[in-house]
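Architecture at a glance
For reference, the chains in residue letters:
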Amino acid sequence: NAGVMQNPRHLVRRRGQEARLRCSPMKGHSHVYWYRQLPEEGLKFMVYLQKENIIDESGMPKERFSAEFPKEGPSILRIQQVVRGDSAAYFCASTGQRADTQYFGPGTRLTVL
Amino acid sequence: QQPVQSPQAVILREGEDAVINCSSSKALYSVHWYRQKHGEAPVFLMILLKGGEQKGHDKISASFNEKKQQSSLYLTASQLSYSGTYFCGTEIGSGAGSYQLTFGKGTKLSVIP
């Protein structure tokens, strides 16, 4: 019974490149949440998606960041033209229903050189 | 809006007890507690919904005082495996389907032999 999967676990990009982070929710879950965590900080909400719908992207920067959760396949968080300030751990969580317990994946640690 | 956790860090010897507090300036619908070990995903511990309930499993329990907008996590007879950073995540307002968790900065707990 696989939990929430994220890949890659570690991603290194140079400034200006694109970063694609993938999240496969727990089996049977159709709600996905993305969070960003800076060192020694708590998790900050970015975006909440259901299959083919963005429900709330209020925590996501308006430029360079986008997220999708297609009908088939994982949810993807995309960061274009990365800058050093994007370096962080990005976690996704999933739930079966809105407002259920959120189960987290192992995270992707993005380093921008 | 970010809940305030206290203390920021605590060191315990095995078998000692600890209390971690989480306070909000906003009316809370629920409080979610997670533990995160270094480099790993946050692991869900428990949810408390407004109503002043207390929950627990094993030697970890929590209370939620909605009048004070505060939750406390109690760890008794601590074990080495309890080490990690504890985060509270809060849902503000009337909830009832709210999904956006706002996390505190965390409390780092170290249990030593």
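The structure displayed is predicted, hence computed values, not measured ones.

1. Re the interface of chain B and chain A
When the parts of a complex come together, some accessible area is lost, and that lost area is often used as the size of the interface. On the chain A side, the residues contacting the 18 residues of chain B number 23 residues. There are zero salt bridges connecting chain B and chain A. Counting across the interface, chain B meets chain A through three residue pairs in polar contact (both at pLDDT 80 or more). Elements represented by at least two residues in the side of chain B that touches chain A include exactly strand E4 (28-36) and strand E5 (43-49) of chain B. For the side of chain B that touches chain A, the per-class residue count stands at nine nonpolar, seven polar and two charged.

2. Some words on unusual backbone geometry
Cis geometry marks the peptide bond from A:Asn7 to A:Pro8; its omega dihedral reads -5°. Positionally, A:Pro8 belongs in the loop between strand E1 (5-7) and strand E2 (10-13). Cis geometry marks the peptide bond from B:Ser6 to B:Pro7, where omega comes out at -5°. Within the element layout of this structure, B:Pro7 appears in the loop between strand E1 (4-6) and strand E2 (9-13).

3. Some points on the packing of aromatic side chains
Under the defined criterion, the tally for this structure stands at nine aromatic pairs over all chains. The interplanar angle of 75° and the centroid separation of 6.1 Å between the aromatic rings of A:Tyr35 and A:Phe45 together place this pair among those described as edge-to-face. Residue A:Tyr35 is located in strand E4 (residues 31-37), and its partner A:Phe45 is located in strand E5 (residues 43-50); the two are separated by ten residues in the primary sequence. One exposure class covers both A:Tyr35 and A:Phe45, and it is buried. Three or more aromatic residues link up through ring pairs in this structure, and these residues are A:Tyr35, A:Phe45, A:Tyr103, A:Phe104, B:Tyr34, B:Phe44 and B:Phe103.

Criteria and thresholds
- Residues numbered from 1 in each chain as written.
- Chains lettered and ligands numbered in written order.
- Predicted model: local features only at pLDDT ≥ 70, side-chain atom pairs only at ≥ 80, totals over all residues.
- Heavy atoms only, no water.
- Contact = heavy atoms within 4.5 Å.
- Salt bridge = Lys/Arg side-chain N within 4 Å of Asp/Glu carboxyl O.
- Polar contact = N/O pair within 3.5 Å; in protein donor to acceptor, adjacent residues only side chain to side chain.
- Helix = DSSP H or I, 4+ residues; strand = E, 2+ residues; numbered from the N terminus.
- Nonpolar A, V, L, I, M, F, W, Y, C, P; charged D, E, K, R; others polar.
- Phe/Tyr/Trp six-rings, centres within 6.5 Å; stacked < 30°, edge-to-face > 60°.
- Buried < 20%, exposed > 50% of the residue type's maximum accessible area, 1.4 Å probe, protein only.

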